[in-house]
Amino acid sequence: MADKMKAILIKDGKGPVDNLYIGETEKPSPEKGEVLVKIKTFGLNRMDLLQREGKYPLPPQASKTIMGVEFAGYVEAVGEGVDKFKQGDEVFGLTYGGAYAEYVVALEFMLLPKPKELSWVVAGGIPENWLTAYQALFLEGGMKKGDNVLIHAGASGVGVAAIQLALNVGHAGQVFTTAGSDDKIKFLQKLDSRVHAFNYRSQNFEEEIKKHADGVDLIVDFVGRSYFAQNISLLRRDGTLIYLAFLSGSKLDGTGADIGPLLYKRLTIKGSTLRSRSEEYQTELLGKFRDNALPLIKEGKMKVEVHEVFPWEKVADAHKEMEANKNSGKIVFEIPE
């Protein structure tokens with residue numbers, strides 16, 4: 001095997017989008033329990049933007065120089081003790097970092113066989129968004145059949161996944177979602193006619209939801225500060241609010257937030273990130289997703305919505321697209337043969 005590979009690196013280790021470039025770096029080798037994958041496609045996630053800027057707290061296992069946590073490709077080699085995969089197998093999965101490259105090593109249990117029904121683009125865009133959505137709804141949110149669910153940032157990759165999972169795996173009573181443009185609202189209504197979608201720039205989502213229901217049981221939120229009061233107001237007794245990000249800020253100063261309802265409505269507020277989770281947690285999550293959600297994707301009952309596919313040479317353009325919040329669905333990169 002060659003000792004070097006191409007990867008997307010960051011000039012000076014961090015910085016603006018123009019610091020991204022394709023360069024050479026050491027090719028990894030699989031150790032015990034690891035699999036070396038030759039990457040065909042990999043996904044873009046908002047954490048990549050933060051990592052590029054030096055603003056994301058990396059787990060100790062993560063690559064300090066190469067971004068990316070999800071990918072699809074061929075098994076190139078396996079380390080000692082690996083018995084589920086062999087050279088040439090088609091796989092997709094997660095890694096703690098390093099997927100913006102020709103090759104990546106991943107733990108055996110963080111990989112799944114790529115179903116023949118899925119394209120390389122679709123497979124490369126599944127792991128982070130769909131597993132994040134699954135863990136937020138079911139492992140952390142405790143969603144039950146018949147629950148009303150509100151998913152903010154509905155047109156994001158995680159949002160699109162969470163909406164479909166809530167409806168088709170969780171069998172929600174009603175699903176509500178928010179987005180920031182009329183085009184995104186039309187996209188979400190086309191995704192599933194059962195979804196109630198609201199433009200937060202022109203509509204008061206709290207008032208709109210209360211026209212349909214007396215509240216919701218579970219909220220998945222990426223926004224934070226500016227939605228806190230409305231979220232608390234909308235939650236029914238024993239409801240749960242899951243935070244996956246704080247795009248509007250994490251400090252509640254000046255919002256007039258009243259935490260009293262947490263007490264008398266017996267509310268639960270939790271935060272979660274997938275990347276920092278233990279190997280045991282991710283193994284359990286991957287298994288549940290494989291058994292309960294992946295078959296519905298294979299059958300076409302749930303769809304991985306891809307916003308755009310970029311050649312990896314256009315990584316800067318892709319980062320700019322996400323920074324401008326232009327994407328409805330997933331942004332995926334392809335690496336040429």
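Anything mentioned here points back to the structure above.
Residues numbered from 1 in each chain as written. Predicted model: local features only at pLDDT ≥ 70, side-chain atom pairs only at ≥ 80, totals over all residues. Heavy atoms only, no water.

(A) Spotlight on the overall build of the protein. When helices and strands are counted, the protein shows 11 helices and 15 strands. Here the C-alpha atoms of the protein give a radius of gyration of 20 Å, agreeing with the 20 Å that 2.2 N^0.38 yields for 337 residues. Seen along its three principal axes, the alpha-carbon backbone of the protein occupies a region of about 60 × 40 × 35 Å. Evaluated residue by residue, the protein yields a buried proportion of 57% over its 337 residues. Residue pairs at least 24 apart in sequence account for 70% of intrachain contacts in the protein once pairs closer than 6 positions are excluded. Carbon and sulfur atoms make up 48% of the accessible area of the protein, which amounts to about 14,900 Å² in all. In the protein, 43 positive and 46 negative side-chain charges are present, and the distance between their average locations comes to 4 Å. (Helix = DSSP H or I, 4+ residues; strand = E, 2+ residues; numbered from the N terminus. Rg over C-alpha atoms; globule rule 2.2 N^0.38 Å. Buried < 20%, exposed > 50% of the residue type's maximum accessible area, 1.4 Å probe, protein only. Contact = heavy atoms within 4.5 Å. Areas by Shrake-Rupley, 256 points an atom, 1.4 Å probe, with all protein chains shown as cover. Lys, Arg positive; Asp, Glu negative; His and termini not counted. Charge placed at Lys NZ, Arg CZ, Asp CG, Glu CD.)

(B) A look at the side chain of Thr25. Here Thr25 lies in strand 2 (residues 20-26). Overall, Thr25 belongs to the buried group, its relative accessible area being 18%. If sequence neighbours within four positions are ignored, Thr25 has contacts with Asp3, Lys4, Met5, Ala7 and Ile66.

(C) Summary view of the environment of Asp192. Counting through the fold element by element, Asp192 comes out in the loop between helix 5 (182-191) and strand 10 (195-199). C-alpha of Asp192 to C-alpha of Leu107: the two residues are 85 residues apart in sequence and 35 Å apart in space. In this structure the side chain of Asp192 is engaged in a polar contact, spanning 2.8 Å, whose partner is the side chain of Arg194. (Polar contact = N/O pair within 3.5 Å; in protein donor to acceptor, adjacent residues only side chain to side chain.)

(D) Representation of the packing of helix 4 (residues 157-168) against helix 5 within the structure. Packing of helix 4 against helix 5 leaves a shortest axis separation of 11 Å and a crossing angle of 30°. Classed by the angle they form, the pair helix 4 and helix 5 counts as roughly parallel. Like other packed secondary-structure pairs, helix 4 and helix 5 cross with a definite hand, here right-handed. Each of Val160, Ile163 and Gln164 in helix 4 lies in contact with helix 5, whose residues at this interface are Phe187, Leu188 and Leu191. (Axes fitted to C-alpha atoms, helices over the stretch in contact; angles between N-to-C directions. Parallel < 35°, antiparallel > 145°, perpendicular 65-115°, else oblique. Left-handed = near helix turned anticlockwise from the far one by under 90°.)

(E) Structural context of helix 11 (residues 315-323). Along helix 11, the residues classified as buried are Val315, Ala316, Ala318, His319, Glu321 and Met322. On its buried face, helix 11 sits against strand 1 (4-10), strand 2, helix 1 (46-52), strand 14 (306-311) and strand 15 (330-334). Just downstream of helix 11 lies Asn325, where phi reads positive at about 55°.

(F) Broad picture of the pattern of salt bridges. The final tally for this structure, using the stated rule, is 21 salt bridges. Between Lys270 and Glu140 there is a salt bridge; the shortest N-O distance is 3.0 Å. Here Lys270, found in strand 13 (residues 268-271), pairs with Glu140, found in helix 3 (residues 127-140); they are 130 residues apart in sequence, far enough to count as distant. Since its relative accessible area comes to 14%, Glu140 is described here as buried. (Salt bridge = Lys/Arg side-chain N within 4 Å of Asp/Glu carboxyl O.)

(G) Just the packing of helix 3 against helix 9 (residues 279-292), in detail. The contact between helix 3 and helix 9 brings their axes to 10 Å, and the two run at 95°. The orientation of helix 3 with respect to helix 9, classified from their angle, is roughly perpendicular. Facing Trp130, Leu131, Tyr134, Gln135, Leu139 and Glu140 of helix 3, the residues of helix 9 in contact are Tyr281, Leu285, Leu286, Lys288, Phe289 and Asn292. Across the contact of helix 3 with helix 9, the residue classes break down as eight nonpolar, two polar and two charged. (Nonpolar A, V, L, I, M, F, W, Y, C, P; charged D, E, K, R; others polar.)

(H) Here's a closer look at the packing of aromatic side chains. One pass over the structure, following the stated rule, counts 11 aromatic pairs. Ring geometry for Tyr74 and Trp120: centres 5.0 Å apart, planes at 55°, overall tilted. Of the two residues, Tyr74 sits in strand 4 (residues 70-78) while Trp120 sits in helix 2 (residues 120-124), which places them 46 residues apart along the sequence. Accessibility expressed as a relative area gives 31% for Tyr74, which makes it partly exposed. Residue classification places Trp120 among the buried residues on the basis of a relative accessible area of 17%. Centroid distance Tyr134 to Phe289: 6.5 Å. Interplanar angle 90°. Geometry classified as edge-to-face. On the criterion of sequence distance, the pair formed by Tyr134 in helix 3 and Phe289 in helix 9 is long-range, its members being 155 residues apart. Note on accessibility: Tyr134 and Phe289 belong to one class, buried. By way of ring pairs, the aromatic residues Phe42, Tyr100, Phe310 and Phe333 are connected into one cluster. Above the face of the Trp120 ring, Lys114 is positioned so that its terminal group lies 4.9 Å from the ring centre. (Phe/Tyr/Trp six-rings, centres within 6.5 Å; stacked < 30°, edge-to-face > 60°. Lys NZ or Arg CZ within 6 Å of the ring centre and 35° of its normal.)

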